[in-house]
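A look at the structure
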Amino acid sequence: MLKGWFLWFILFWSVFLLVTMSIGGFFMFRKFLKRLPKEDGKSELDWQEYYIEQTRHLWGEEEKALLEELVKPVPELFRDVARQKIAGKIGELALQENASRITKDLIIRGYIIATPKRDHKFLIKTLKEKQINIAPYEHLLQSK
């Protein structure tokens, strides 16, 4: 039988491995679900990529810089995913409205719509730090 510190080491190591594999599996499963095709034959990630590609030429340097500033509070590990999701939503709005270029208004609306409701307090804080008036966008914050 195992006794003493070695038993505790084995127990700790087993729990540690189980927890880390569960966390990794959760995130892999979420990514898998986003890659599954919907009724229209395209997945959520396919649509994001489509909207980004269709509107890539509409982005100016100033707008790209604003998007970078808005995703800066997101932890670096998740920043690329957040940037792509927000840019995809902005592109979708731009295509729906037949915009000739990406504007600050489109960026802010896409940022609000793409951000999960649980993160809205951080979103509002970030917009206020950038001295952006959120009054015109209150309906988007409450409708989600």
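Naming follows an unreviewed UniProt entry, where the protein chain appears as DUF2621 domain-containing protein of Parageobacillus galactosidasius.

When you go through the protein chain residue by residue, the secondary structure sums to seven helices and zero strands. Seen in sequence order, the protein chain has helices and strands lined up from the N terminus as α-α-α-α-α-α-α. Expressed along its principal axes, the backbone C-alpha trace of the protein chain runs to roughly 75 × 40 × 30 Å. The buried share of the protein chain, reckoned over its 144 residues, is 28%.

Within an α-helix, residues lying three or four positions from one another point in the same direction, as the helix has 3.6 residues per turn. Relative to the 30 Å expected for 21 residues at 1.5 Å per residue, helix H4 (residues 76-96) spans 30 Å between its end C-alpha atoms, a close match to the ideal helical length. For H4, the set of buried residues is Ala 82, Ile 86, Ala 87, Gly 88, Ile 90, Gly 91, Glu 92, Leu 93 and Ala 94. Each element contacted by the buried residues of H4 is listed here: helix H2 (44-55), helix H3 (61-71) and helix H5 (104-114). One or two steps after H4, the chain reaches Asn 98, where phi turns positive at roughly 50°.

In the structure shown here, the tally under the stated rule is 11 salt bridges. Of the charged contacts in the structure, one is a salt bridge between Arg 35 and Asp 46, with a shortest N-O distance of 2.9 Å. Separated by 11 residues along the polypeptide, Arg 35 in helix H1 (residues 5-35) and Asp 46 in helix H2 bring together distant segments of the chain. Relative accessible area serves as the criterion here: at 27%, Asp 46 is assigned to the partly exposed category.

Attention shifts here to the domain arrangement of the protein chain. Domain parsing of the protein chain yields domain 1 (1-33) and domain 2 (42-140). One C-alpha centre belongs to domain 1, the other to domain 2, and the line joining them spans 37 Å.

Okay, the environment of Lys 85 next. Along the chain, Lys 85 turns up in helix H4. For Lys 85 and Gly 24, which are 61 residues apart along the polypeptide, the C-alpha to C-alpha distance reads 21 Å. If we skip the residues at most four places from it in the chain, Lys 85 touches Gln 48 and Ala 114.

A few words now on the nonpolar core. Ile 90, Ile 102, Ile 112 and Leu 127 are the most contacted members of the largest nonpolar core, which totals 26 residues. Mapped by element, the contributors of at least two residues to this core are H3, H4, H5, helix H6 (120-129) and helix H7 (138-143).

Criteria and thresholds
- Each residue is numbered by its place in its chain's sequence as written, counting from 1.
- In keeping with the model being predicted, local features are shown solely for residues with a pLDDT of at least 70 and side-chain atom pairs are shown and tallied solely at 80 or more, while totals for entire chains, interfaces and linings include all residues.
- Each side-chain value is derived from all of the structure's non-hydrogen atoms; neither hydrogens nor water enter the calculation.
- Strands here are runs of E lasting at least two residues and helices are runs of H or I lasting at least four, both read from the DSSP assignment and numbered beginning at the N terminus.
- To sort residues, take the accessible area from a 1.4 Å probe on protein chains only and compare it with the maximum for the residue type: under 20% means buried, over 50% means exposed, and anything in between is partly exposed.
- Residue count minus one, scaled by 1.5 Å, sets the expected span of a helix.
- It only takes one pair of heavy atoms within 4.5 Å for two residues to be counted as in contact.
- Salt bridges are identified by distance alone: a Lys or Arg side-chain nitrogen within 4 Å of an Asp or Glu carboxyl oxygen.
- For the purposes of this description, domain bounds are those given by an automatic or database domain assignment.
- Grouping buried Ala, Val, Leu, Ile, Met, Phe, Trp, Tyr and Cys residues that are joined through side-chain atoms within 4.5 Å yields what is termed a nonpolar core.

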